[in-house]
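Fold and geometry: a report
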Amino acid sequence: MTLSSNIIWNPSEGIDLGFFMIRYYSLMFVIAFGLGWFIMKKIFERENESLDKLDSLFVWTVLATLIGARLGHVLFYDWEYFRNHLLEIFLPFRFEPKFEFTGFQGLASHGAAIAIIIAMYYYSKKILKRSLLWILDRVVIPVASGAIFVRLGNFFNSEIIGKETDSAFGIRFLHDQFSKSEAVNATQIADPKAAYTAIATDPKFAELLAQVPAKHPTQLYEGIAYIFVFATLYFLYWKTNARLKSGLLFGLFLVLLFVVRFIVEFVKESQGGIEEELGIFSTGQWLSIPFIIIGLFFIIRAQRNPLAAS
(Lines give C-alpha, C1' and ligand atoms only; values in the text may rest on other atoms or scores of the structure.)
Protein backbone atom coordinates (compact mmCIF):
# COMPACT_ATOMS: atom_id res chain seq x y z
CA MET A 1 0.00 0.00 0.00
CA THR A 2 1.67 3.24 -1.08
CA LEU A 3 1.48 6.32 1.10
CA SER A 4 -0.33 8.33 -1.57
CA SER A 5 -3.25 5.89 -1.58
CA ASN A 6 -4.04 6.42 2.11
CA ILE A 7 -6.95 8.68 3.03
CA ILE A 8 -5.94 12.28 3.82
CA TRP A 9 -8.02 13.40 6.81
CA ASN A 10 -8.65 17.13 6.68
CA PRO A 11 -12.02 17.75 8.39
CA SER A 12 -13.61 21.11 9.03
CA GLU A 13 -13.97 22.16 12.66
CA GLY A 14 -17.72 21.82 12.54
CA ILE A 15 -20.93 23.13 11.07
CA ASP A 16 -20.62 26.87 10.44
CA LEU A 17 -23.95 28.62 10.95
CA GLY A 18 -22.44 32.01 10.24
CA PHE A 19 -23.11 33.42 13.71
CA PHE A 20 -22.04 30.25 15.50
CA MET A 21 -19.85 27.21 14.91
CA ILE A 22 -21.19 23.82 16.03
CA ARG A 23 -18.00 21.87 16.57
CA TYR A 24 -18.19 18.19 15.70
CA TYR A 25 -16.61 17.13 18.99
CA SER A 26 -19.25 19.01 20.99
CA LEU A 27 -21.98 17.70 18.68
CA MET A 28 -20.88 14.12 19.35
CA PHE A 29 -21.21 14.71 23.10
CA VAL A 30 -24.69 16.16 22.62
CA ILE A 31 -25.74 13.12 20.57
CA ALA A 32 -24.19 10.77 23.14
CA PHE A 33 -26.04 12.32 26.07
CA GLY A 34 -29.28 12.71 24.10
CA LEU A 35 -29.28 9.08 22.99
CA GLY A 36 -28.36 8.02 26.52
CA TRP A 37 -31.37 9.86 27.94
CA PHE A 38 -33.65 8.17 25.40
CA ILE A 39 -32.30 4.69 26.22
CA MET A 40 -32.65 5.22 29.97
CA LYS A 41 -36.19 6.51 29.47
CA LYS A 42 -37.10 3.20 27.83
CA ILE A 43 -35.42 1.29 30.65
CA PHE A 44 -37.19 3.29 33.36
CA GLU A 45 -40.53 2.68 31.64
CA ARG A 46 -39.86 -1.05 31.52
CA GLU A 47 -38.85 -1.11 35.19
CA ASN A 48 -41.84 1.02 36.24
CA GLU A 49 -39.53 3.70 37.62
CA SER A 50 -40.72 7.29 37.85
CA LEU A 51 -39.53 9.39 34.94
CA ASP A 52 -39.21 12.28 37.38
CA LYS A 53 -35.99 10.64 38.54
CA LEU A 54 -34.63 10.53 35.00
CA ASP A 55 -33.77 14.24 34.80
CA SER A 56 -31.67 13.95 37.95
CA LEU A 57 -29.91 10.93 36.53
CA PHE A 58 -29.14 12.85 33.34
CA VAL A 59 -27.65 15.80 35.23
CA TRP A 60 -25.59 13.59 37.53
CA THR A 61 -24.27 11.54 34.62
CA VAL A 62 -23.33 14.55 32.49
CA LEU A 63 -21.49 16.26 35.36
CA ALA A 64 -19.74 13.06 36.43
CA THR A 65 -18.64 12.30 32.87
CA LEU A 66 -17.20 15.74 32.14
CA ILE A 67 -15.63 16.40 35.55
CA GLY A 68 -14.31 12.85 35.93
CA ALA A 69 -12.90 12.73 32.41
CA ARG A 70 -11.16 16.07 32.89
CA LEU A 71 -9.68 15.17 36.28
CA GLY A 72 -8.68 11.77 34.92
CA HIS A 73 -6.63 13.39 32.18
CA VAL A 74 -5.07 15.87 34.60
CA LEU A 75 -4.12 13.28 37.23
CA PHE A 76 -3.27 10.26 35.08
CA TYR A 77 -1.69 11.85 32.03
CA ASP A 78 -0.47 15.40 32.61
CA TRP A 79 -0.12 16.18 36.31
CA GLU A 80 3.42 17.48 35.85
CA TYR A 81 2.02 20.36 33.81
CA PHE A 82 -1.25 21.02 35.62
CA ARG A 83 0.20 21.03 39.12
CA ASN A 84 1.85 24.30 38.13
CA HIS A 85 -1.21 25.56 36.22
CA LEU A 86 -4.12 24.72 38.51
CA LEU A 87 -6.48 27.32 37.03
CA GLU A 88 -6.22 25.66 33.64
CA ILE A 89 -7.75 22.43 34.96
CA PHE A 90 -11.27 23.84 34.76
CA LEU A 91 -10.74 26.91 32.57
CA PRO A 92 -10.61 26.61 28.76
CA PHE A 93 -7.59 28.91 28.58
CA ARG A 94 -3.84 28.62 28.52
CA PHE A 95 -1.95 31.38 30.30
CA GLU A 96 1.61 30.47 29.27
CA PRO A 97 3.62 31.16 27.19
CA LYS A 98 0.79 33.46 26.06
CA PHE A 99 -2.89 33.78 26.88
CA GLU A 100 -5.06 31.83 24.44
CA PHE A 101 -8.39 30.01 24.29
CA THR A 102 -7.77 26.27 24.03
CA GLY A 103 -11.06 24.64 24.97
CA PHE A 104 -10.88 21.60 27.21
CA GLN A 105 -8.14 19.57 25.61
CA GLY A 106 -7.83 16.29 27.43
CA LEU A 107 -10.55 13.96 28.68
CA ALA A 108 -9.78 10.48 30.04
CA SER A 109 -12.35 7.68 29.90
CA HIS A 110 -10.91 6.00 32.99
CA GLY A 111 -11.58 9.14 35.02
CA ALA A 112 -15.10 9.33 33.63
CA ALA A 113 -15.76 5.69 34.61
CA ILE A 114 -14.65 6.28 38.20
CA ALA A 115 -16.70 9.47 38.51
CA ILE A 116 -19.84 7.86 37.08
CA ILE A 117 -19.61 4.99 39.58
CA ILE A 118 -19.26 7.48 42.46
CA ALA A 119 -22.13 9.61 41.15
CA MET A 120 -24.35 6.55 40.75
CA TYR A 121 -23.68 5.59 44.37
CA TYR A 122 -25.10 8.88 45.63
CA TYR A 123 -27.88 8.86 43.04
CA SER A 124 -28.97 5.35 44.03
CA LYS A 125 -29.03 6.23 47.73
CA LYS A 126 -30.43 9.76 47.67
CA ILE A 127 -32.82 9.72 44.70
CA LEU A 128 -33.47 6.30 43.19
CA LYS A 129 -33.71 4.37 46.48
CA ARG A 130 -32.40 1.21 44.84
CA SER A 131 -29.09 -0.64 45.08
CA LEU A 132 -25.98 0.72 43.39
CA LEU A 133 -25.69 -2.36 41.16
CA TRP A 134 -29.27 -1.94 39.94
CA ILE A 135 -28.52 1.43 38.39
CA LEU A 136 -25.02 0.45 37.26
CA ASP A 137 -26.36 -2.59 35.40
CA ARG A 138 -28.62 -0.29 33.43
CA VAL A 139 -26.66 2.93 33.02
CA VAL A 140 -23.74 1.10 31.38
CA ILE A 141 -25.93 0.52 28.31
CA PRO A 142 -26.20 4.23 27.37
CA VAL A 143 -22.63 4.79 28.54
CA ALA A 144 -21.45 2.19 26.02
CA SER A 145 -23.42 3.90 23.26
CA GLY A 146 -21.97 7.26 24.28
CA ALA A 147 -18.43 5.92 24.03
CA ILE A 148 -19.00 5.34 20.31
CA PHE A 149 -19.75 9.01 19.66
CA VAL A 150 -16.95 10.28 21.90
CA ARG A 151 -14.45 8.35 19.79
CA LEU A 152 -16.02 9.78 16.63
CA GLY A 153 -15.46 13.21 18.17
CA ASN A 154 -11.81 12.31 18.74
CA PHE A 155 -11.59 11.28 15.09
CA PHE A 156 -12.96 14.64 13.91
CA ASN A 157 -10.45 16.36 16.19
CA SER A 158 -7.56 14.26 14.85
CA GLU A 159 -6.59 13.32 18.40
CA ILE A 160 -5.76 10.10 20.26
CA ILE A 161 -4.39 8.62 17.07
CA GLY A 162 -2.30 5.54 16.40
CA LYS A 163 1.27 4.78 15.46
CA GLU A 164 2.57 4.98 11.92
CA THR A 165 1.55 2.10 9.68
CA ASP A 166 1.99 0.80 6.14
CA SER A 167 -1.35 -1.02 6.28
CA ALA A 168 -4.39 -0.22 4.16
CA PHE A 169 -6.11 1.03 7.32
CA GLY A 170 -3.70 3.94 7.74
CA ILE A 171 -5.03 7.49 7.57
CA ARG A 172 -2.95 10.63 7.07
CA PHE A 173 -4.02 13.06 9.81
CA LEU A 174 -3.14 16.46 8.40
CA HIS A 175 -4.09 18.39 11.53
CA ASP A 176 -1.97 16.13 13.70
CA GLN A 177 1.12 16.75 11.61
CA PHE A 178 0.70 20.51 11.29
CA SER A 179 -0.80 22.93 13.80
CA LYS A 180 -2.82 25.82 12.44
CA SER A 181 0.11 28.22 12.78
CA GLU A 182 2.48 25.73 11.14
CA ALA A 183 0.11 25.24 8.20
CA VAL A 184 -0.27 29.00 7.76
CA ASN A 185 3.48 29.65 7.99
CA ALA A 186 4.36 26.80 5.63
CA THR A 187 1.88 27.84 2.93
CA GLN A 188 1.79 31.60 3.56
CA ILE A 189 -2.00 31.35 3.39
CA ALA A 190 -3.59 33.39 6.18
CA ASP A 191 -6.73 31.28 6.59
CA PRO A 192 -5.89 28.00 8.40
CA LYS A 193 -8.74 26.11 6.69
CA ALA A 194 -7.52 27.21 3.26
CA ALA A 195 -3.94 26.42 4.25
CA TYR A 196 -4.83 22.84 5.19
CA THR A 197 -6.82 22.40 1.99
CA ALA A 198 -3.88 23.67 -0.06
CA ILE A 199 -1.51 21.18 1.56
CA ALA A 200 -3.96 18.36 0.87
CA THR A 201 -4.80 19.25 -2.74
CA ASP A 202 -2.33 21.69 -4.28
CA PRO A 203 0.62 19.99 -6.05
CA LYS A 204 2.71 23.03 -5.12
CA PHE A 205 2.71 21.78 -1.54
CA ALA A 206 3.40 18.12 -2.34
CA GLU A 207 6.54 18.17 -0.22
CA LEU A 208 4.53 19.25 2.81
CA LEU A 209 1.93 16.56 2.17
CA ALA A 210 4.68 13.96 1.90
CA GLN A 211 5.64 14.77 5.50
CA VAL A 212 2.27 13.48 6.74
CA PRO A 213 2.60 9.79 7.67
CA ALA A 214 -0.21 7.24 7.60
CA LYS A 215 -1.27 6.28 11.11
CA HIS A 216 -3.71 3.84 12.67
CA PRO A 217 -7.14 5.49 13.17
CA THR A 218 -7.39 4.09 16.69
CA GLN A 219 -10.44 6.24 17.43
CA LEU A 220 -12.34 4.33 14.73
CA TYR A 221 -11.00 0.99 15.95
CA GLU A 222 -12.37 1.71 19.41
CA GLY A 223 -15.60 3.24 18.14
CA ILE A 224 -16.40 0.22 15.97
CA ALA A 225 -15.58 -2.18 18.81
CA TYR A 226 -17.80 -0.17 21.18
CA ILE A 227 -20.72 -0.72 18.81
CA PHE A 228 -20.44 -4.42 19.57
CA VAL A 229 -20.07 -3.72 23.32
CA PHE A 230 -23.26 -1.66 23.25
CA ALA A 231 -25.13 -4.21 21.09
CA THR A 232 -24.16 -7.03 23.47
CA LEU A 233 -25.34 -5.20 26.59
CA TYR A 234 -28.51 -3.97 24.88
CA PHE A 235 -29.40 -7.46 23.68
CA LEU A 236 -28.73 -9.08 27.04
CA TYR A 237 -30.85 -6.54 28.88
CA TRP A 238 -33.86 -6.66 26.55
CA LYS A 239 -33.82 -10.26 25.33
CA THR A 240 -32.51 -12.32 28.27
CA ASN A 241 -32.77 -12.43 32.05
CA ALA A 242 -29.31 -10.87 32.48
CA ARG A 243 -30.82 -7.79 34.15
CA LEU A 244 -31.97 -10.06 37.00
CA LYS A 245 -28.41 -11.16 37.74
CA SER A 246 -27.19 -8.27 39.85
CA GLY A 247 -23.84 -6.92 38.67
CA LEU A 248 -23.63 -9.04 35.52
CA LEU A 249 -24.17 -6.29 32.95
CA PHE A 250 -21.96 -3.88 34.88
CA GLY A 251 -19.17 -6.44 35.10
CA LEU A 252 -19.52 -7.39 31.44
CA PHE A 253 -19.35 -3.73 30.46
CA LEU A 254 -16.10 -3.23 32.36
CA VAL A 255 -14.50 -6.33 30.87
CA LEU A 256 -15.58 -5.74 27.27
CA LEU A 257 -14.91 -2.01 27.10
CA PHE A 258 -11.55 -2.05 28.84
CA VAL A 259 -10.31 -5.16 27.02
CA VAL A 260 -11.00 -3.25 23.81
CA ARG A 261 -9.11 -0.30 25.23
CA PHE A 262 -6.22 -2.51 26.33
CA ILE A 263 -5.86 -4.13 22.89
CA VAL A 264 -6.12 -0.90 20.87
CA GLU A 265 -3.46 0.71 23.06
CA PHE A 266 -0.87 -1.53 21.39
CA VAL A 267 -1.16 0.53 18.19
CA LYS A 268 -1.93 3.89 19.82
CA GLU A 269 0.59 6.70 20.17
CA SER A 270 1.80 7.30 23.70
CA GLN A 271 -0.35 9.72 25.68
CA GLY A 272 2.28 10.06 28.43
CA GLY A 273 1.47 9.59 32.09
CA ILE A 274 2.45 6.77 34.45
CA GLU A 275 3.87 4.56 31.69
CA GLU A 276 7.11 6.49 31.94
CA GLU A 277 7.66 5.11 35.44
CA LEU A 278 6.01 1.69 35.15
CA GLY A 279 7.04 0.72 31.62
CA ILE A 280 5.91 -2.49 29.82
CA PHE A 281 2.36 -1.23 29.15
CA SER A 282 0.97 2.17 28.23
CA THR A 283 -0.81 4.38 30.76
CA GLY A 284 -4.17 3.44 29.21
CA GLN A 285 -3.37 -0.25 29.59
CA TRP A 286 -2.24 0.06 33.20
CA LEU A 287 -5.43 1.94 34.04
CA SER A 288 -7.59 -0.62 32.21
CA ILE A 289 -6.29 -3.65 34.12
CA PRO A 290 -8.05 -2.83 37.46
CA PHE A 291 -11.35 -2.25 35.65
CA ILE A 292 -11.07 -5.61 33.87
CA ILE A 293 -10.35 -7.40 37.17
CA ILE A 294 -13.27 -5.66 38.89
CA GLY A 295 -15.52 -6.57 35.97
CA LEU A 296 -14.54 -10.24 36.19
CA PHE A 297 -15.29 -10.19 39.92
CA PHE A 298 -18.84 -8.93 39.34
CA ILE A 299 -19.48 -11.40 36.52
CA ILE A 300 -18.42 -14.34 38.70
CA ARG A 301 -20.35 -12.94 41.66
CA ALA A 302 -23.51 -12.53 39.57
CA GLN A 303 -23.34 -16.13 38.35
CA ARG A 304 -22.87 -17.50 41.85
CA ASN A 305 -25.43 -15.29 43.57
CA PRO A 306 -27.62 -13.74 40.83
CA LEU A 307 -30.01 -11.84 43.08
CA ALA A 308 -27.41 -10.39 45.43
CA ALA A 309 -28.02 -6.72 46.19
CA SER A 310 -30.74 -6.50 43.57
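Residues numbered from 1 in each chain as written. Predicted model: local features only at pLDDT ≥ 70, side-chain atom pairs only at ≥ 80, totals over all residues. Heavy atoms only, no water.

1. Comments concerning the environment of Trp37
- Secondary-structure assignment places Trp37 in helix H1 (residues 24-46).
- Sequence separation between Trp37 and Asp78 is 41 residues, and the spatial gap between their C-alpha atoms is 32 Å. (Helix = DSSP H or I, 4+ residues; strand = E, 2+ residues; numbered from the N terminus.)

2. Structural notes on the layout of surface pockets
- Of the volumes computed, that of the second largest pocket is approximately 150 Å³.
- Every residue along the wall of the second largest pocket is listed here: Leu75, Phe76, Tyr77, Asp78, Trp79, Glu80, Gly273, Ile274, Glu276 and Glu277.
- Among the secondary structure elements, those contributing two or more residues to the lining of the second largest pocket are helix H2 (52-76), helix H3 (79-82) and helix H12 (275-278).
- By residue class, the composition of the lining of the second largest pocket is 5 nonpolar, 1 polar and 4 charged. (1 Å grid on protein atoms, 1.4 Å probe; cavity = no way out; pocket = protein on both sides within 12 Å on 5 of 7 lines; lining within 4 Å. Points joined across faces, edges and corners; volume = space filled by probe spheres on them. Nonpolar A, V, L, I, M, F, W, Y, C, P; charged D, E, K, R; others polar.)

3. Quick notes on the pattern of salt bridges
- Scanning the entire structure with this criterion turns up 12 salt bridges.
- Glu45 is the partner of Lys41 in a salt bridge, and the nearest nitrogen-oxygen pair spans 2.8 Å. Here Lys41 and its partner Glu45 are both found in helix H1, 4 residues apart, which amounts to about one turn of the helix.
- On the accessibility criterion, Glu45 (36% relative accessible area) is partly exposed. (Salt bridge = Lys/Arg side-chain N within 4 Å of Asp/Glu carboxyl O. Buried < 20%, exposed > 50% of the residue type's maximum accessible area, 1.4 Å probe, protein only.)

4. Looking at the sheet that holds strand E6 (residues 171-173)
- Pairing in this open sheet of 3 strands is mixed, and the strands run E1-E6-E7 from one edge to the other. Since the sheet does not close on itself, it has two edges, and those belong to strand E1 (7-9) and strand E7 (214-215), each with one partner.
- Here E1 pairs with E6 via 3 bridges, running parallel. Opposite Ile8, over in E6, you have Arg172 as the bridge partner. (Pairing = 2+ DSSP bridges.)

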